[in-house]
Structure formats: structure tokens, C-alpha cells
Amino acid sequence: MPGLLAIGAVTSIGLGAILVFAVDWRWNGADRPLVGLIMMAVGMLALVAATNMYGHESRSGKTS
């Protein structure tokens, strides 16, 4: 399960970075760079959680 969370986290970070740095169109109802920064922050938190889960799983001797 940590692997799937890590994939989602990296995807969120990548899509957020694309919204912040690579897209120049405007939304009427939202601030595009802010949405991208929020996605990147959530992705970082999820990546930390996945790393923590993986470290805990490997120390306990469980294999999946």
C-alpha cells in the first residue's frame, strides 16, 4: 500500500508543478498557481507518509 500512496504523491507533485510553472491559461473561479502549490504541498505530505509507512513496514519484518 505505501507504493500506491507514493505513486499518487509523486503524481500530485508533478501535476501541481505543471499548474504552477508550465501553464499560462486562466481560470475564472480559481487561482491556478495557488491550486498548484496546494497540490504540491499535499503530494509532499503524502510522500512523507508513504516513506514513514514503508520504513515502519520494513522494520517490523513484514513482507507483502
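Topic: the overall build of the protein chain
Regarding its fold elements, the protein chain presents two helices and zero strands. Sequence-distant contacts in the protein chain: of pairs separated by 6 or more residues, those separated by 24 or more amount to 57%. Carbon together with sulfur atoms contributes 68% to the accessible area of the protein chain, which is approximately 4800 Å² in total.

Some remarks on the packing of aromatic side chains
With the rule as written, the count across this model stands at one aromatic pair. Ring geometry for Trp25 and Trp27: centres 5.4 Å apart, planes at 35 degrees, overall tilted.

Looking at the environment of Pro2
The residue Pro2 is located in helix α1 (residues 2-22) in this model. Look at Pro2 and you get buried, because its relative accessible area is 8%.

Re a nonpolar patch on the surface
Nonpolar side chains collect at one region of the surface, where Leu34, Ile38 and Val42 lie side by side and expose about 270 Å² of accessible area between them. Mapped onto the fold, Leu34 is located in helix α2 (residues 32-59). Of the residues examined, Leu34 reaches a relative accessible area of 45% and is grouped as partly exposed.

Here is what the cut-offs are and how they apply
- In this numbering scheme, every chain counts its residues from 1 along its sequence in written order.
- Whole-chain, interface and lining totals are the exception, using all residues; otherwise, since this is a predicted model, local features are given only for residues with pLDDT of at least 70 and side-chain atom pairs are given and counted only at 80 or more.
- Note: side-chain values were computed over all heavy atoms of the structure, leaving out hydrogens and water.
- In DSSP terms, a helix is any run of H or I states spanning at least four residues, a strand is any run of E spanning at least two, and both are numbered starting from the N terminus.
- Contact definition: two residues touch when any of their heavy atoms are within 4.5 Å.
- The protein chains shown are the only cover counted for residues, whose accessible areas, like all others here, come from Shrake-Rupley with a 1.4 Å probe.
- Stacked, edge-to-face and tilted labels apply to pairs of Phe, Tyr and Trp rings (six-membered ring for Trp) whose centres lie within 6.5 Å, assigned for plane angles under 30 degrees, over 60, and everything in between, in that order.
- Only protein chains enter the accessibility calculation, which uses a 1.4 Å probe. A residue is then buried if its area is under 20% of the maximum for its type, exposed if over 50%, and partly exposed in between.
- Think of a patch as exposed residues, more than 30% relative accessible area, with no salt bridge, where like charges cluster within 9 Å and nonpolar side chains (Val, Leu, Ile, Met, Phe, Trp, Tyr) cluster within 5 Å.
- Whenever a carboxyl oxygen of Asp or Glu lies within 4 Å of a side-chain nitrogen of Lys or Arg, that contact is scored as a salt bridge.

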